[in-house]
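Given next are the chains, with one letter for each unit.
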Amino acid sequence: MAKRTIVGSPLAPAMLERLGAIGEFPTTGADFSPDGSWTNTYRIWTCHGYREEGNEEEGHLRIKRAAGGSRGAAMLVVDQHIVNEEAVSNIIHAEIRCNGDEIA
């Protein structure tokens, strides 16, 4: 039986790097504006509690913001795609109309 080492600490960035979940963080361009139009994609990664096994990429979350509404309003298109162990996909799609305030 293969040796299994319990992670034994919170999944802080340093631990995620040791587990191979993350590398260098991408840089944000100087022209980025949170109030503008942009798309961010995030990996959904799971840790089953052991360093050597069970740590897998399960899917992704994509958030697309389209600016240009009246008084700073924007539209968010959010897609989440997760594939479970039996290769069954769980897909969530949302289109969200936001006011032009700090919450948006």
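Residues numbered from 1 in each chain as written. Predicted model: local features only at pLDDT ≥ 70, side-chain atom pairs only at ≥ 80, totals over all residues. Heavy atoms only, no water.

(A) Main features of the pattern of salt bridges. Enumeration according to the criterion identifies two salt bridges in this entry. The partner of Arg4 in a salt bridge is Glu53, and the shortest N-O contact between them spans 2.8 Å. With Arg4 in the segment before α1 (13–18) and Glu53 in the loop between β1 (38–46) and β2 (56–67), this residue pair connects regions lying 49 residues apart in the sequence. Looking at Glu53, the relative accessible area reads 35%, which means it is partly exposed. (Salt bridge = Lys/Arg side-chain N within 4 Å of Asp/Glu carboxyl O. Helix = DSSP H or I, 4+ residues; strand = E, 2+ residues; numbered from the N terminus. Buried < 20%, exposed > 50% of the residue type's maximum accessible area, 1.4 Å probe, protein only.)

(B) Fine view of the pairing of strand β4 (residues 89–98). Across ten bridges, the pairing between strand β3 (residues 74–83) and β4 is antiparallel. Across the sheet, residue Asp79 finds its bridge partner in β4, namely His93. (Pairing = 2+ DSSP bridges.)

(C) Inspection of the sheet that holds β3 at higher detail. What the four strands build is an open sheet, ordered β1-β2-β3-β4; its pairing is antiparallel. In this open sheet, the two edge strands, each paired with only one partner strand, are β1 and β4. Strand-to-strand twist of the sheet, defined as the mean angle between neighbouring strand axes without regard to direction, takes the value 10°. Pairing between β2 and β3: nine bridges, direction antiparallel. Bridge pairing links Gly59 to Ile82 in β3. (Axes fitted to C-alpha atoms, helices over the stretch in contact; angles between N-to-C directions.)

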